[in-house]
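Chain by chain, the residues:
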Amino acid sequence: MTIPVEFQHRLRLPLIASPMFIASGIELVIESCKAGIVGTFPALNQRTSEGFEAWLIEIQSRLSGWEKQTGTKAAPFGVNLIVHRSNPRWQADLAICIKHKVPLIITSLGAVADLVDAVHAYGGLVFHDVVNARHGKKAAAAGVDGLIAVCNGAGGHAGNTNPFALVAEIRQFFAKTLILAGSLSSGSDVAAAQMMGADMAYMGTRFLATVEANISQDYQTLIVNSTANDILYTPKISGVNANFIRQSIVDAGIDPEDLRPKSELDFGAELDIDDKPQTGEKKAWRDIWSAGQGVGSIDKVLSTKELVEQLVNEYHAAIASHQIQYTSESAKSTS
């Protein structure tokens, strides 16, 4: 198992609470790290680079204060950078991450060797989102420390490859940290990811149903009441294939069966989601809500602390159950 040295003895569970646009804010990150899992957020969740830097300062200050108060080391935190030509901020935000020595950088839509080198220079790690082995090889060549296999059923921007297939293909050329994403909602899912060959799990949708998630009660109600059949996979809302809750599309006054294609991906436009809501334009993430296919196993909203405790218990129970079953079956086969 390849868990980064920087993470060892700081995690209660080999789990990353994935960076979710709008939903992942300061409170979710801090509570995740205090609970013993990696908390992350997209830099674009703060509408300016100045605001983003203020968030980093607050996160580091509050976690440092908590560590001094409790004598416990918090889990590391991470920032997601969208490395795409339409994101006008990524280089400025990277400079801020370097300045504050952010422990983990998660890159999406672009694996850049110079970025990796800059993060390694201060001792940070870089993980990269991939939806297929071809993208994984490019990221591996850029020197990333981890690959996040975003498989079918994941919330937000997702691939359509079966996790068994993608994990197996990536393991043929990548020996560093492999993180599995896609429909994981329980501690037993984390254990299953490791048994498949991944080192860590990546969980987003389950953390939408937490007290600290920066989303509306209506959104959380949809999360709790939805099943996998309620999730629509389409490139026509954000410009890239992503999973959205069908009912939120209907509630936005749009026919899910008659979606107009979105011509191109534009992360610069994502920044103005709060600026002109009075225009009546319905936008991805703000009005049309994302979720992964794992929603069917989510039945309540918990605090992040309660959720992580539940996941830890489920994880250890799953491992213990497997060991007992395996021992039992082995005994039968040799009798």
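Read on for a plain summary of the structure.

Conventions used here
- All residue numbers here refer to positions counted from 1 along the written sequence of the relevant chain.
- Local features in this predicted model are restricted to residues whose pLDDT is 70 or higher, and side-chain atom pairs enter the listing and the counts only when it is 80 or higher, whereas totals over whole chains, interfaces and linings include all residues.
- Excluded from the side-chain calculations are hydrogens and water; all other atoms, namely the structure's heavy atoms, are used.
- Each residue gets one of three labels from its accessible area relative to the maximum for its type: buried under 20%, exposed over 50%, partly exposed in between, using a 1.4 Å probe on protein chains only.
- Per the convention used, a helix needs a DSSP run of H or I reaching at least four residues, while a strand needs a run of E reaching at least two, with both numbered from the N terminus.
- We call a crossover right-handed when, viewed with both strands directed away from the observer, the connection leading from the first strand over the helix to the second proceeds clockwise.
- Whether two strands pair depends on DSSP finding at least two bridges between them.
- For salt bridges, the criterion is a side-chain nitrogen of Lys or Arg within 4 Å of an Asp or Glu carboxyl oxygen.
- By convention a nonpolar core is built from buried Ala, Val, Leu, Ile, Met, Phe, Trp, Tyr and Cys residues, the set being connected through side-chain atoms within 4.5 Å.
- Pairs of residues are marked as contacts when any of their non-hydrogen atoms sit within 4.5 Å.

Some thoughts on the pairing of strand β5 (residues 125–130)
Part 1 of the reasoning: The buried fraction of β5 amounts to five of the six residues, a majority that puts the element mostly inside the structure.
Part 2 of the reasoning: Handedness of the β-α-β unit built from strand β4 (residues 104–108), helix α4 (residues 113–121) and β5 comes out right-handed.
Part 3 of the reasoning: Direction of pairing for β5 relative to strand β6 (residues 146–150): parallel, over a ladder of four bridges. If you follow V130 over to β6, its bridge partner there is A149.
Part 4 of the reasoning: What joins β5 to β6 is helix α5 (residues 133–141), and the crossover it makes is right-handed.

Regarding the pattern of salt bridges
Part 1 of the reasoning: In total, this model carries nine salt bridges according to the counting rule given.
Part 2 of the reasoning: One salt bridge in this structure joins K34 and E31, with 3.1 Å as the shortest N-O distance. Linking K34 with E31, this pair stays in helix α1 (residues 26–35), spanning three residues, or about one helical turn.
Part 3 of the reasoning: By relative accessible area, K34 is classed as partly exposed at 29%.
Part 4 of the reasoning: Linking D199 and R171 is a salt bridge whose minimum nitrogen-to-oxygen distance equals 2.6 Å. Here D199 is found in the loop between α7 (187–196) and β9 (200–203), whereas its partner R171 is found in helix α6 (residues 163–171), with 28 residues between them in sequence.
Part 5 of the reasoning: According to the relative accessible area criterion, D199 is buried, its value standing at 3%.
Part 6 of the reasoning: Connected through salt bridges with shared partners, the residues E27, E58 and R62 form a single ionic network.

Looking at the nonpolar core
Part 1 of the reasoning: Residues L15, F77, V79, I105, F207 and I223 are the most contacted members of the largest nonpolar core, which totals 76 residues.
Part 2 of the reasoning: In this structure, F77 is in contact with V29, C33, V38, G39, L56, I59, Q60, L63, V102, P103 and L104, ignoring residues within four places of it in sequence.
Part 3 of the reasoning: Listed in part, the 16 residues of the second largest apolar core include F7, A154, A181 and Y202.

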